[in-house]
Amino acid sequence: MTGSSTPTTQFLDVPGGRLAYDDTVQGDGAPVVLLPGMLDSRTAYRHLHPLLTAAGRRVITMDLRGFGESSITWDDYSPAAIATDVIALLDHLGIERAVLAGNSYSGASVVKVAGDAPGRVAGIVLLDAFIENLPPNALQRAAFGVMGALLVHSPAFWGLYHRKMAYPGARPADFDAYVDGLVAAMRTPGRKAATRGYVRGDSAPTGWSAAVQCPALVVMGSKDPDFPKPELVADRQAAALHARKVMIEGAGHYPMADQPQATADALLPFLAELV
């Protein structure tokens, strides 16, 4: 996060490890819990976070298992395991109901929480998530396998992905320093095993959306390189979740970073409608 009002990192011990999070504590309406994508940290929301808090929202961001300031070594890095962490955090903070937002890999986790614990979720937001993705063909499966191996064995490839693909248009002012930090984090001892856990996880499970009953918002960058047809994937998600869809023109895989104001403009009306 940025600015003098940066929330202090706090920790929650759960079976298997320790989770890092921060909480603005104050705010109107249901608290908003923001989950980053795989191999990232909660600072992925460093530009969106102040826009939401300035609008009066209570915002909580959590590092996923294995990355950020959470402990590195876990037995399970799956979206379902992350979903249990979210519920544990809500319990710890005494939050009855929250809005959950997940980017990329963690989109499946917020869908899982909404389906498993509907009374705890006021609404969900998918930010360039993989759930309900188009089934990959043989060539795509092979390409994903190669990319996964590169991520595990060559942290520099993660930096290359960000610099050459993930941000096709606008980039935040701190982009280079941020990407350098992501690559350095992947070189931390033990991080290879965590990376392997995410690469082998199923970020696009089938059937989970059917259990979701809460309001949902699908946000997708129109130039997200992770999807050959971003809007088609967004349409599939919106149909499965009976959700509102917002395409952010020119945004890549991380709209909360490359177009934070447009992302906030999509989220805030949705949040205002939730009771």
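Above this text you will find the structure in question.
Quick caveat: nothing in here was measured; it's all calculated off a predicted structure.

Participant: What's the story with the overall build of the protein in this structure? I'm lost.
Facilitator: Across its full length, the protein holds ten helices and eight strands. In terms of overall size, the protein behaves like a compact globule, its C-alpha atoms giving a radius of gyration of 17 Å where 275 residues would be expected to give roughly 19 Å. Referenced to the eigenvectors of the C-alpha coordinate spread, the extents of the protein come out at roughly 45 × 40 × 35 Å. Expressed as a percentage of the 275 residues in the protein, the buried residues total 52%. Of all intrachain contacts in the protein linking residues separated by at least 6 positions in sequence, the fraction that spans at least 24 positions is 76%. As displayed, the protein offers around 11300 Å² of accessible surface, 56% of which is attributable to carbon and sulfur atoms. Taken as two groups, the 23 positive and 27 negative side-chain charges of the protein have centres that lie 5 Å from each other.

Participant: So what exactly am I meant to see when it comes to the environment of Gly221 here?
Facilitator: The residue Gly221 is located in strand β7 (residues 216–221) in this model. In the structure, Gly221 is positioned 55 residues away from Ala166 in sequence and 10 Å away in space, judged by C-alpha atoms. With near-sequence residues (within four places) excluded, Gly221 lies in contact with Asp128, Pro230, Met247, Ile248, Ala251 and Gly252.

Participant: Is there a simple way to explain helix α5 (residues 155–166) in this structure?
Facilitator: The periodicity of an α-helix, 3.6 residues per turn, causes residues three or four positions apart to be oriented the same way. Relative to the 16 Å expected for twelve residues at 1.5 Å per residue, α5 spans 15 Å between its end C-alpha atoms, a close match to the ideal helical length. Restricting attention to buried positions, one finds in α5 the residues Pro155, Phe157, Trp158, Gly159, Tyr161, His162 and Ala166.

Participant: Would you mind going over the layout of surface pockets with me for this structure?
Facilitator: By volume, the largest pocket amounts to about 1100 Å³. Lining the largest pocket are 39 residues; nearest its centre among them are Phe130, Asn133, Phe144, Ser203 and Asp226. At the level of secondary structure, the elements contributing two or more residues to the lining of the largest pocket comprise α4 (138–153), α5, α7 (191–199) and α8 (230–241). Per-element tally for the lining of the largest pocket: the top contributor is α4, with eight residues. Taken together, the residues that form the lining of the largest pocket break down as 23 nonpolar, eleven polar and five charged.

Participant: How should α7 be read in this particular structure?
Facilitator: Every buried residue of α7 is listed here: Arg191, Ala194, Thr195 and Tyr198. Taken around the axis of α7, the buried residues stretch over an arc of 100°, which confines them to a single face.

Participant: Help me understand the environment of Ser41 in this model?
Facilitator: Among the structural elements, Ser41 can be located in the loop between β3 (28–35) and α1 (49–54). For Ser41, a relative accessible area of 13% translates into the label buried. For the pair Ser41 and Gly68, spaced 27 residues apart in the sequence, the C-alpha separation amounts to 4.5 Å.

Participant: What is the right way to look at the sheet that holds β3 in this model?
Facilitator: Strands pair in a sheet through their backbones, by hydrogen bonds, and they do so in one of two ways: parallel or antiparallel. One open sheet accounts for eight strands, arranged β1-β2-β4-β3-β5-β6-β7-β8; its pairing is mixed. Either end of the sheet is taken by a strand with one partner, and the two such strands are β1 (10–14) and β8 (244–248). Each adjacent strand pair in this sheet contributes to an overall mean axis angle of 20°, direction not counted. As paired strands, β1 and strand β2 (residues 17–23) are joined by five bridges and run antiparallel to one another. Bridge pairing in β2 places Asp13 opposite Arg18. Against the sheet, α8 makes contact with β6 (121–127), β7 and β8, and its axis sits at roughly 175° relative to β7, the strand it touches most.

Participant: Would you explain the side chain of Asp22 in this entry?
Facilitator: Following the sequence through the fold, Asp22 ends up in strand β2. Side chain to side chain, Asp22 and Thr61 meet in a polar contact 2.8 Å long.

Participant: Honestly, the packing of aromatic side chains in this entry has me stumped. Any pointers?
Facilitator: This structure, assessed with the given rule, holds seven aromatic pairs. Relative to Tyr198, the ring of Tyr105 has its centre 5.0 Å away and its plane inclined at 70°; by these criteria the two rings are edge-to-face. With Tyr105 in the loop between β5 (98–103) and α3 (107–116) and Tyr198 in helix α7, this pair connects stretches of sequence that are 93 residues apart. In this structure Tyr105 comes out as buried when scored by relative accessible area, which is 1%. One Lys or Arg, Arg46, reaches over the ring of Tyr178 and ends 3.7 Å from the middle of that ring. The lysine or arginine in question, Arg191, covers the ring of Phe67, its NZ or CZ lying 5.2 Å from the ring centre.

Cut-offs used in this document
- Residues numbered from 1 in each chain as written.
- Predicted model: local features only at pLDDT ≥ 70, side-chain atom pairs only at ≥ 80, totals over all residues.
- Heavy atoms only, no water.
- Helix = DSSP H or I, 4+ residues; strand = E, 2+ residues; numbered from the N terminus.
- Rg over C-alpha atoms; globule rule 2.2 N^0.38 Å.
- Buried < 20%, exposed > 50% of the residue type's maximum accessible area, 1.4 Å probe, protein only.
- Contact = heavy atoms within 4.5 Å.
- Areas by Shrake-Rupley, 256 points an atom, 1.4 Å probe, with all protein chains shown as cover.
- Lys, Arg positive; Asp, Glu negative; His and termini not counted.
- Charge placed at Lys NZ, Arg CZ, Asp CG, Glu CD.
- Expected span 1.5 Å × (residues − 1).
- 1 Å grid on protein atoms, 1.4 Å probe; cavity = no way out; pocket = protein on both sides within 12 Å on 5 of 7 lines; lining within 4 Å.
- Points joined across faces, edges and corners; volume = space filled by probe spheres on them.
- Nonpolar A, V, L, I, M, F, W, Y, C, P; charged D, E, K, R; others polar.
- Arc of directions from axis to C-beta.
- Pairing = 2+ DSSP bridges.
- Axes fitted to C-alpha atoms, helices over the stretch in contact; angles between N-to-C directions.
- Polar contact = N/O pair within 3.5 Å; in protein donor to acceptor, adjacent residues only side chain to side chain.
- Phe/Tyr/Trp six-rings, centres within 6.5 Å; stacked < 30°, edge-to-face > 60°.
- Lys NZ or Arg CZ within 6 Å of the ring centre and 35° of its normal.

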